Amino acid sequence: MSGVIFQMLDFFGISSVPTDFPTFMYWLCSLCAGLEFIRFTVGICFSFVRQISEVRR
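Residues numbered from 1 in each chain as written. Predicted model: local features only at pLDDT ≥ 70, side-chain atom pairs only at ≥ 80, totals over all residues. Heavy atoms only, no water.

**Observations regarding the overall build of the protein**
Moving on, step 1. Helices and strands together make up the secondary structure of the protein, namely two helices and zero strands.
Moving on, step 2. For the protein, the spread of C-alpha atoms along the three principal axes comes to 55 × 30 × 10 Å.
Moving on, step 3. By residue count, 4% of the 57 residues in the protein fall in the buried class.
Moving on, step 4. Of the roughly 5,100 Å² of accessible surface on the protein, a fraction of 71% belongs to carbon and sulfur atoms.
Moving on, step 5. Computed over 4 positive and 4 negative side-chain charges, the inter-centroid distance for the protein is 21 Å. (Helix = DSSP H or I, 4+ residues; strand = E, 2+ residues; numbered from the N terminus. Buried < 20%, exposed > 50% of the residue type's maximum accessible area, 1.4 Å probe, protein only. Areas by Shrake-Rupley, 256 points an atom, 1.4 Å probe, with all protein chains shown as cover. Lys, Arg positive; Asp, Glu negative; His and termini not counted. Charge placed at Lys NZ, Arg CZ, Asp CG, Glu CD.)

**Focus: the environment of Gln51**
Moving on, step 1. Inspection of the secondary structure assignment puts Gln51 in helix α2 (residues 21-56).
Moving on, step 2. Under the relative-accessibility criterion, Gln51 is labelled partly exposed at 47%.

**Topic: a nonpolar patch on the surface**
Moving on, step 1. Together, Phe11, Phe37, Ile38, Val42, Phe46 and Val49 make up an exposed nonpolar region whose accessible area comes to about 620 Å².
Moving on, step 2. Take the nonpolar patch: its biggest share by element is five residues, from α2.
Moving on, step 3. By secondary structure assignment, the location of Val49 is in helix α2. (Patch = residues over 30% accessible without salt bridge, like charges linked within 9 Å, V, L, I, M, F, W, Y side chains within 5 Å. Salt bridge = Lys/Arg side-chain N within 4 Å of Asp/Glu carboxyl O.)

Geometric descriptors of this kind do not, in isolation, establish any biological role.
Structure below.
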């Protein structure tokens, strides 16, 4: 299970935090943009499911 968790952290770029300030700020902005993208895509998928379930009622 720890391998799966490490792979997820590595996928999001959280497994290694940079130590110098410019690289850290780039890492932080990239992390926020990646999480916002994931939230956006998951939201689109669930909105399609919600629309389909409302049409069937």
